[in-house]
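# Architecture at a glance
Take a look at the letters that make up each chain.
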Amino acid sequence: GVGRDLAGFKLLLEICAVLGLPQLAWPLMEKAEAVDLKPDAWCFKAVVRACSVAATGEAREGARGGCEQALTLLQRMKQAGLVPEPGTEARSLAE
């Protein structure tokens, strides 16, 4: 499982982003929060990238609803006081 190490958590999120696996990235975010890790803007961006890759790539089991998940994530970012960086998928969704 996810330990209390933010660097390891970010590595797992990056893998999810590259492979377009939001169905794995979402539970990782929840687990991180459960063990008192505070996801930063990079973490949120990685989950949005996973949603984006899933939405644009070949259909994968569990990848449906990637855009809706990304919008929900964007709302969570705003609640956490984080702003997406210009030129990112998250920023595109925010505009």
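Before any of the text, the structure's been laid out above.
Residues numbered from 1 in each chain as written. Predicted model: local features only at pLDDT ≥ 70, side-chain atom pairs only at ≥ 80, totals over all residues. Heavy atoms only, no water.

## Description of the nonpolar core
The cut-off we apply is this: Side-chain atoms within 4.5 Å link the members of a nonpolar core, which is a set of buried Ala, Val, Leu, Ile, Met, Phe, Trp, Tyr and Cys residues. Summary of the burial criterion: residues with accessible area below 20% of their type's maximum are buried, those above 50% are exposed, and those between are partly exposed, where the area comes from a 1.4 Å probe applied to protein chains only. Strands are runs of DSSP state E lasting at least two residues, helices are runs of H or I lasting at least four, and both sets are numbered from the N terminus onward. Whether two residues touch is decided by their heavy atoms; if any such pair falls within 4.5 Å, the residues are in contact.
The biggest cluster of nonpolar side chains holds 22 residues, and the ones touching the most others in it are Phe9, Leu13, Ala25, Met29, Val47 and Leu73. Residue assignment for this core shows that the elements contributing at least two residues are helix H1 (6–19), helix H2 (22–34), helix H3 (41–56) and helix H4 (66–79). Of the residues forming this core, the biggest block, seven residues, is contributed by H3. Once residues lying within four places of it in the same chain are set aside, the contact partners of Leu13 are Ala25, Leu28, Met29, Trp42, Cys43, Ala46 and Val47.

## Some thoughts on the packing of H1 against H3
When two helices pack together, their arrangement is given by the angle between their axes and by how far apart the axes lie. Worth spelling out the cut-off: To obtain each axis, a line is fitted to C-alpha atoms, and for helices this fit is confined to the stretch in contact; angles are then taken between N-to-C directions over 0 to 180 degrees. Orientation labels follow simple angle bins: below 35 degrees gives roughly parallel, above 145 gives roughly antiparallel, 65 to 115 gives roughly perpendicular, and whatever is left gives oblique. A clockwise turn of the near helix away from the far one marks a right-handed crossing, whereas an anticlockwise turn of less than a right angle marks a left-handed crossing. Under the scheme applied here, ten amino acids are nonpolar (Ala, Val, Leu, Ile, Met, Phe, Trp, Tyr, Cys and Pro), four are charged (Asp, Glu, Lys and Arg), and all others, including Gly, are polar.
Between H1 and H3, the shortest axis-to-axis distance is 7 Å and the interhelical angle comes to 20°. As judged from the angle between their axes, H1 and H3 are roughly parallel. For H1 against H3, the interelement crossing comes out left-handed. Taken together, the residues of H3 that come into contact with H1 (itself represented by Leu6, Phe9, Lys10, Leu13, Glu14, Cys16, Ala17, Val18 and Leu19) are Trp42, Cys43, Ala46, Val47, Arg49, Ala50 and Val53. Counted by class, the contact of H1 with H3 contains 13 nonpolar, no polar and three charged residues.

## Regarding the packing of H1 against H2
Across the interface, H1 lies against H2 with an axial gap of 9 Å and an inter-helix angle of 165°. Classified by the angle their axes make, H1 and H2 are roughly antiparallel. When the axes of H1 and H2 are compared, the crossing they make is left-handed. Each of Phe9, Leu12, Leu13 and Cys16 in H1 lies in contact with H2, whose residues at this interface are Leu24, Ala25, Leu28, Met29 and Ala32.

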